[in-house]
Amino acid sequence: MKNIVVLASGNGSNLQAIIDAVESGTLEANIAAVISDRKDSGALERANRHGIPAIVMLRSQSNRDTYFNLLHDRLRKINPDLIVLAGFMKIMPAWLVEKFPMRIINLHPSLLPCFGGPGFYGHRVHEKVIESGAKITGCTVHFVTPDVDSGPIVFQKAMEVHDDDDAASLAERLSPLEHSLIVDAVNFILSGEFEVVGNRVIRKTL
Ligand code: GAR
């Protein structure tokens, strides 16, 4: 059984989708731990409710270098097959990303490479989409590389932006798409049936 670790800062609805998929048998994986940088994160509550080790790592306790060194220690000890950033609102330093090449994926609430990079997270992304006048948005799961939100794209799902949408309605309608996307992406990556060619993730042909 492959081990995954989920990092989440917020509500944790995407973590919940992963938990549900594991419990229903549609995702063959063990969630070895959930790590959050916020003690009020819904993700921690969800982990606790399902008997998954829940680890709080508050950034306020340390400076950036110390923080990510501690996070690295944790991750190294667990040694998961895959690290899933499901609403983790911290940018990992390049050296940490490089310790886990093609072993970290991130869920992002837009169709990358649009509306990504530093400063684009959570509702801010949806606000920027509305402001831009874009007619289509969506969500992306990509491998994490040192360049923020620029790693090889694993999967995407698109949806229309309606004339009466605002950031909140976009987030609400996108949420179920994200839930299925993250589960599909974890399944796909753990299957190992892909190769990364440049910035492209390609399904291996048998
Ligand atoms: C999701 O919409 C995810 O795409 C976004 O945070 C939300 C977490 O929701 N991630 C980012 O913005 C990362 N840049 P959740 O806490 O309900 O899973």
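Read on for a plain summary of the structure. The residue numbers shown here count from 1 along each chain, following its written sequence. Reporting of local features is limited, given that this is a predicted model, to residues whose pLDDT is at least 70; pairs of side-chain atoms are given and counted only at 80 or more, and all residues count toward the totals for whole chains, interfaces and linings. The side-chain figures draw on all heavy atoms in the structure; neither hydrogens nor water molecules are used.

**Looking at the overall build of the protein**
Heads up, the rule is: Secondary structure elements are defined from DSSP: runs of H or I of at least 4 residues count as helices, runs of E of at least 2 residues count as strands, and each element is numbered from the N terminus. With the radius of gyration taken over C-alpha atoms, the globule rule is written as 2.2 Å times the number of residues to the power 0.38. Only protein chains enter the accessibility calculation, which uses a 1.4 Å probe. A residue is then buried if its area is under 20% of the maximum for its type, exposed if over 50%, and partly exposed in between. Should any heavy atoms of two residues lie within 4.5 Å, those residues are counted as being in contact. Only the protein chains shown count as covering a residue, and every accessible area follows the Shrake-Rupley method with a 1.4 Å probe. Positive: Lys, Arg. Negative: Asp, Glu. His and the chain ends are not part of the count. Taken as the charge location is NZ of Lys, CZ of Arg, CG of Asp or CD of Glu.
Scanning the protein from terminus to terminus reveals 6 helices and 9 strands. Scaling as 2.2 N^0.38, a compact globule of 206 residues should have a C-alpha radius of gyration of about 17 Å, and the protein matches this with 16 Å. Along the longest, intermediate and shortest principal axes, the C-alpha atoms of the protein span 50 × 50 × 35 Å. Taking all 206 residues of the protein together, the buried fraction comes to 46%. Contacts in the protein between residues far apart in sequence, at least 24 positions, make up 64% of those at least 6 positions apart. Here the protein has roughly 10,200 Å² of accessible surface; of this, 49% comes from carbon and sulfur atoms. Across the protein, 21 positive and 24 negative side-chain charges occur, with their mean positions spaced 7 Å apart.

**A short note on the site of the ligand**
So the rule is basically this: Near residues are defined by distance, with any heavy atom within 4 Å of the molecule or strand qualifying the residue. Polar contact is defined as a pair of N or O atoms within 3.5 Å, subject to the rule that within protein one atom must be able to donate a hydrogen and the other to accept it, and that residues adjacent in sequence are counted only when both atoms are side-chain atoms. Space inside and on the surface of the protein is sampled on a 1 Å grid over the protein atoms alone, with a cavity defined as a set of points where a 1.4 Å probe fits but cannot get out and a pocket as an open set with protein on both sides within 12 Å along at least 5 of 7 lines; lining residues have an atom within 4 Å of a point. For a molecule to be placed in a cavity or pocket, more than half of its atoms must lie within 2 Å of the grid points of that cavity or pocket.
Gly12, Ser13, Asn14, Gly122 and Glu178 are the nearest of the 14 residues found near the ligand. The contact in question runs from a nitrogen atom of the ligand to an N or O atom on the side chain of His108, over 3.4 Å. A distance of 2.7 Å separates an oxygen atom of the ligand from a polar atom in the backbone of Gly122. Bound to the protein, the ligand loses 88% of the 450 Å² it would expose on its own. In a pocket analysis with a 2 Å cut-off to the grid points, the ligand is assigned to the largest pocket. For the shell around the ligand, the elements supplying multiple residues, two or more each, are helix H1 (13–24) and strand S5 (104–108).

**Points about the nonpolar core**
Where we set the bar: Here, nonpolar core refers to any group of buried Ala, Val, Leu, Ile, Met, Phe, Trp, Tyr and Cys residues whose side-chain atoms link them within 4.5 Å.
One finds Ile4, Val6, Ile18, Val84, Ile105, Ile182 and Val186 to be the most contacted residues of the largest nonpolar core, which totals 40 residues. In terms of residue count, the dominant contributor to this core is helix H6 (residues 167–191) (10 residues). Setting aside chain neighbours within four positions, we find Ile18 in contact with Ile4, Val6, Leu27, Ile31, Val84, Ile182 and Val183. Core analysis: the next-biggest nonpolar cluster, separate from the first, contains 20 residues, Ala33, Ile35, Leu75 and Ile83 among them.

**Digging into the layout of surface pockets**
Rule in force here: Grid points are joined across faces, edges and corners, and a volume is the space filled by probe spheres set on the points. Under the scheme applied here, ten amino acids are nonpolar (Ala, Val, Leu, Ile, Met, Phe, Trp, Tyr, Cys and Pro), four are charged (Asp, Glu, Lys and Arg), and all others, including Gly, are polar.
In this model, the largest pocket occupies a volume close to 790 Å³. What lines the largest pocket is a set of 39 residues, and nearest its centre among them are Gly87, Phe88, Met89, Leu107 and Gly122. When residues of the lining of the largest pocket are traced back to their parent elements, those giving at least two are H1, S5, helix H5 (123–132) and H6. No other element matches the 4 residues that H6 contributes to the lining of the largest pocket. For the lining of the largest pocket, the residue count by class is 18 nonpolar, 17 polar and 4 charged.

From the geometry alone we can't say anything about function, so treat these as descriptive.
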